[in-house]
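A look at the structure
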Amino acid sequence: FDEDENVTSSSVRLGDTENPKGSYELNGGWQRSFKKKGAALDLDINYSNNFSESVESLEEQFFNASLAEIGNRAYQFTNQTDENSILLGKLDFTLPINDSTELEMGSHYTVRNSISGFTSESATGSNDFTPDTSLNNKFDYLQTTIAGYATFGRQFKKLGIKLGLRAEQTNTTSELITTNEK
């Protein structure tokens, strides 16, 4: 628009997008019961992974105020990928001490990984595409958590108490791979 708010130029951007996606999950478990009633050792392992991609082809035309095409058409090709995975492991032990007292202990381990990437190539007028280095990037995020806990519970007729302690450590690492920044 000019200062009188008249249209001086415009553009039309058309795109074609494909979005393939997929995911899966694996679960496993094992349990051991002991001679003492209620005593048990449980192991659970879960793994999940999901993937998505967005591939886009774009074409942009430019027009003057009379809607006549001006300049060269601009082309862009982009590809965005995302992959996320989670591994979770738990080991829990329950030990009834007597009819009113119970001890529970366990550990948890989690690994989360997320990788995202984006690439772009552009061309003006011809189909000689060049990478858009200021837009292209790949990012990797990793989080690892390990935890241990113990609880002690006791029932007194209608009143019950449960005391617990949990210790947890989480480490995260992130890296912008394109620029090697951590």
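Read on for a plain summary of the structure. (Residues numbered from 1 in each chain as written. Predicted model: local features only at pLDDT ≥ 70, side-chain atom pairs only at ≥ 80, totals over all residues. Heavy atoms only, no water.)

1. Remarks on a nonpolar patch on the surface
Applied cut-off: Two joining distances apply to patches: 9 Å for like charges and 5 Å for nonpolar side chains (Val, Leu, Ile, Met, Phe, Trp, Tyr), and every residue must have over 30% relative accessible area and no salt bridge. Only the protein chains shown count as cover for residues, and all accessible areas are computed by the Shrake-Rupley method using a 1.4 Å probe. We define a salt bridge as a side-chain nitrogen of Lys or Arg found within 4 Å of a carboxyl oxygen belonging to Asp or Glu. In DSSP terms, a helix is any run of H or I states spanning at least four residues, a strand is any run of E spanning at least two, and both are numbered starting from the N terminus. Partly exposed residues are those whose accessible area sits between 20% and 50% of the maximum for their type, while under 20% is buried and over 50% is exposed, using a 1.4 Å probe and protein chains only.
A contiguous nonpolar patch, built from Trp30, Leu43, Ile45, Leu87, Leu91, Tyr109 and Ile146 and spanning about 600 Å² of accessible area, is present on the exposed surface. Of all the secondary-structure elements, those providing two or more residues to the nonpolar patch are β3 (40-64) and β4 (69-98). Here Leu87 falls in the partly exposed class, since its relative accessible area comes to 31%.

2. What about the side chain of Thr78?
Basically, it comes down to this: By definition, residues are in contact when any of their heavy atoms lie within 4.5 Å.
Considering the arrangement of structural elements, one finds Thr78 in strand β4. Looking at Thr78, the relative accessible area reads 7%, which means it is buried. For Thr78, the residues in contact, after removing those within four places along its chain, are Ser54, Val55, Glu56, Phe118, Thr119 and Ser120.

3. Description of the pattern of salt bridges
For the structure shown, the criterion picks out five salt bridges. Two residues, Arg13 and Glu60, come together in a salt bridge whose shortest N-O distance is 3.4 Å. Taken together, the residues span a long stretch of sequence, with Arg13 in strand β1 (residues 9-18) and Glu60 in strand β3 at a distance of 47 residues. On the accessibility criterion, Arg13 (44% relative accessible area) is partly exposed. Note that Glu69 is salt-bridged to Arg73, the shortest N-O span being 2.8 Å. Taking relative accessible area as the criterion, Glu69 reaches 39% and is therefore assigned partly exposed. Sharing partners across several salt bridges, the network here consists of Glu59, Glu69 and Arg73.

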